[in-house]
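# Chain and residue survey
What follows is each chain in one-letter form.
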Amino acid sequence: PTLVVQVLGIQLDSKLRWKAQEKAIQAKMDTQMLALQRTTASTWGATMLKARQVYQAVIYSALSYGASIWHQPSLGKPKGPAARLQKQQNQGLRTVLGAYRATPTRMLETESYVPPLDLWLNGQVARFQAQLEHSGIAQEIRNAYSTIRTRILCRTNRRAPNNTTETPA
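Residues numbered from 1 in each chain as written. Predicted model: local features only at pLDDT ≥ 70, side-chain atom pairs only at ≥ 80, totals over all residues. Heavy atoms only, no water.

Looking now at the confidence of the model for the protein. Per-residue pLDDT for the protein has a mean of 83; in total, 92% of the residues score no lower than 70. Under a pLDDT of 50 for its full length, residues 160-169 has, in the predicted model, zero contacts with residues more than four places off or in other chains. (pLDDT = per-residue confidence, 0-100. Contact = heavy atoms within 4.5 Å.)

Here we take up the pairing of strand 1 (residues 4-7). Alignment of strand 1 against strand 2 (residues 10-13), held across four bridges, turns out to be antiparallel. The partner of Val5 across the bridge, within strand 2, is Leu12. The antiparallel hairpin formed by strand 1 and strand 2 contains two residues in its connecting segment, where Leu8 sits at a positive phi of about 50 degrees. (Pairing = 2+ DSSP bridges. Helix = DSSP H or I, 4+ residues; strand = E, 2+ residues; numbered from the N terminus.)

Relative to each other, helix 2 (residues 48-63) and helix 5 (residues 86-97) sit at 160 degrees, their axes nearing to 9 Å. With respect to helix 5, the axis of helix 2 lies roughly antiparallel. In this structure, helix 2 crosses over helix 5, and the sense of that crossing is right-handed. Only Gln88, Gln89, Gly92, Leu93, Val96 and Leu97 of helix 5 make contact with helix 2, whose side of the interface consists of Met48, Ala51, Arg52, Tyr55, Tyr60 and Leu63. Partitioned by chemical class, the residues of the contact of helix 2 with helix 5 number eight nonpolar, three polar and one charged. (Axes fitted to C-alpha atoms, helices over the stretch in contact; angles between N-to-C directions. Parallel < 35°, antiparallel > 145°, perpendicular 65-115°, else oblique. Left-handed = near helix turned anticlockwise from the far one by under 90°. Nonpolar A, V, L, I, M, F, W, Y, C, P; charged D, E, K, R; others polar.)

Another point: the environment of Glu133. Along the chain, Glu133 turns up in helix 7 (residues 117-135). When near neighbours in sequence (up to four residues on either side) are disregarded, Glu133 contacts Ala138 and Arg142.

If you trace the backbone, Glu109 turns up in helix 6 (residues 105-112). Side chain to side chain, Glu109 and Arg106 meet in a polar contact 3.1 Å long. In this structure Glu109 touches Gln86, Gln89, Leu93, Val114, Pro116 and Leu117, once residues within four positions along its chain are discounted. (Polar contact = N/O pair within 3.5 Å; in protein donor to acceptor, adjacent residues only side chain to side chain.)

If you want it as structure tokens, here you go:
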């Protein structure tokens, strides 16, 4: 047995903490950020509009791959892997805009017309859930969950009377 298994490009660990998936995304982002830096060099590189288009098409899609599984939407500040991947978003937008390191991330997102990563991932999850509802698969999942839950409850109820057969003194 291994601690991490890759299924359809998603890294699954035994406790579903998504640390392995996060490491895989960060490793991919390191190489993609270098490629983006080379294509947006200040002397001959792509314009800001073209760099933004490349960023959204290539890097955003790589950041959000499998987000419908590993991302937990939250109100307010992002949590989990999305919070830790903000650094990748920040670095990419600095490369696209050619901005200084002291520029706030929200300002970079506003100037480049790129939504914040947590909002983008929330949208990805919402679209995925809407697609599940529309296709009818969500109802099948709920039915399977209900069946499994009922079986587990029946098993625990059978064991509970055996443990409580003694009368209190």
